[in-house]
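# Notes for the structure review
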Amino acid sequence: MTTAVIERKWHTTAEVAQMLGYGLSKTKMLVLTGEIHSVKDGRSRRILPRWVDEYVERRAREAEMEWPA
């Protein structure tokens, strides 16, 4: 018998904060300023996993550009 693994389709702001190692306030600010894309679902914000990945990749590229050659 195999066990099905259900992958989350999206995350809450609190889950993203934990994934990134950020505080909830900072993560909410990133969402409100558009740094991390989100969708409003009722009274909650939801964030697709790929949007988290896009944010991390963008920050990594920005950091690499700051490094001396």
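Refer to the preceding data block for the structure.
These remarks concern the structure in this document. (Residues numbered from 1 in each chain as written. Predicted model: local features only at pLDDT ≥ 70, side-chain atom pairs only at ≥ 80, totals over all residues. Heavy atoms only, no water.)

Time to look at the environment of E35. Here E35 lies in the loop between α2 (24-32) and β1 (39-41). Overall, E35 belongs to the partly exposed group, its relative accessible area being 34%. Separated by 19 residues in the primary sequence, E35 and E54 have C-alpha atoms spaced 9.7 Å apart. If near-sequence neighbours (up to four positions away) are discounted, E35 is found in contact with L30, Y55 and R58. (Helix = DSSP H or I, 4+ residues; strand = E, 2+ residues; numbered from the N terminus. Buried < 20%, exposed > 50% of the residue type's maximum accessible area, 1.4 Å probe, protein only. Contact = heavy atoms within 4.5 Å.)

Let us look at α2. Here α2 has its buried residues at T27, L30 and V31. All buried residues of α2 lie within an arc of 100° about the axis, which places them on one face of the element. Along α2, exposed side chains directed more than 90 degrees from the buried face belong to S25 and L32. Close packing links the buried residues of α2 with α1 (13-20), β2 (44-46) and α3 (49-66). (Arc of directions from axis to C-beta.)

Further remarks concern the packing of aromatic side chains. Enumeration over the complete set of coordinates arrives at one aromatic pair. Taking 6.4 Å as the distance between ring centres and 80° as the angle between the ring planes, the aromatic pair formed by Y22 and Y55 counts as edge-to-face. With a gap of 33 residues between them, Y22 in the loop between α1 and α2 and Y55 in helix α3 connect regions that are remote in the sequence. Y55 sits in the buried class, given a relative accessible area of 4%. K26 extends its terminal NZ or CZ atom over the ring of Y22, reaching a point 4.3 Å from the ring centre. (Phe/Tyr/Trp six-rings, centres within 6.5 Å; stacked < 30°, edge-to-face > 60°. Lys NZ or Arg CZ within 6 Å of the ring centre and 35° of its normal.)

Moving on to the environment of Y22. Given the relative accessible area of 27%, Y22 is considered partly exposed. Sequence-wise, Y22 and K40 are 18 residues apart; in three dimensions their C-alpha atoms are separated by 21 Å. If we ignore the near neighbours within four places in the chain, the residues touching Y22 are A17, T27, L30 and Y55. A distance of 3.3 Å separates the side chain of Y22 from the side chain of Y55, its partner in a polar contact. (Polar contact = N/O pair within 3.5 Å; in protein donor to acceptor, adjacent residues only side chain to side chain.)

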